[in-house]
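Examining the three-dimensional arrangement
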Amino acid sequence: MLTDIKSYIDYESMTLSEMMSRLQCDDECSSFSFLRQDIGAGDIRDKLLTGLEKEPLFRSKEYNERLSRIIRLLGTTDKQTQLELVSGGISYFQGQAGQLRDRLFEKKRLYKSLGIASGALLSIILL
């Protein structure tokens, strides 16, 4: 989603309402509940933020706060600052995904080793 927003800002210079309309039509992003808000009247940013608060996208509060901060600042600054903001968000979430992937690999190895050890212990007890 953030890469889409970055390309919308960089190449098409879209407004926030245009970006959200485009994201609502996107198959990958349409499952995000906070994007399903009616963006017809009123402040779009407030509607997105309240939707994100009601139904958080991530389990981690830190990730949701980071995404809220990005949404809160979209459309309020110049194009270059918005691109830097979104790029920073993308690199942050990619780094977090890499760390989670590494931890998953370590846990898989640990659980596999524990399974083998418990199987060996069980076979010794049965003998």
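Let us now look at the nonpolar core. Of all hydrophobic cores here, the largest spans 26 residues; its most connected members are Leu2, Ile5, Met19 and Met20. If you list the elements that add at least two residues to this core, you get α1 (2-12), α2 (16-25), α3 (44-54), α4 (61-73) and α5 (79-126). No other element matches the five residues that α5 contributes to this core.

With that out of the way, let us pick up α4. Between its first and last C-alpha, α4 extends 18 Å over 13 residues, near the 18 Å set by a 1.5 Å rise per residue. Tyr63, Asn64, Leu67, Ser68, Ile70 and Ile71 are the residues of α4 that are buried. Seen along its axis, α4 keeps its buried residues to an arc of 160°; they face one direction. Where α4 is buried, its residues contact α1, α3 and α5. If you check the start of α4, you find a side-chain oxygen 3.3 Å away from the backbone N of Glu62, and it comes from Ser60. Note on α4: the residue one or two positions beyond its end, Gly75, has a positive phi of about 80°.

Within the fold, Pro56 resides in the loop between α3 and α4. Taking the relative accessible area as the measure of exposure, Pro56 reaches 47% and is therefore partly exposed. For the pair Pro56 and Ser68, spaced twelve residues apart in the sequence, the C-alpha separation amounts to 9.9 Å.

Let us now look at the environment of Met14. Mapped onto the elements of the fold, Met14 is located in the loop between α1 and α2. Residues Met14 and Lys79, 65 residues apart in the sequence, show an inter-C-alpha distance of 10.0 Å. Setting aside its immediate chain neighbours within four residues, Met14 contacts Tyr8, Met19 and Arg22.

Definitions and cut-offs
Residues numbered from 1 in each chain as written. Predicted model: local features only at pLDDT ≥ 70, side-chain atom pairs only at ≥ 80, totals over all residues. Heavy atoms only, no water. Core = buried A, V, L, I, M, F, W, Y, C linked by side-chain atoms within 4.5 Å. Buried < 20%, exposed > 50% of the residue type's maximum accessible area, 1.4 Å probe, protein only. Helix = DSSP H or I, 4+ residues; strand = E, 2+ residues; numbered from the N terminus. Expected span 1.5 Å × (residues − 1). Arc of directions from axis to C-beta. Contact = heavy atoms within 4.5 Å. Polar contact = N/O pair within 3.5 Å; in protein donor to acceptor, adjacent residues only side chain to side chain.

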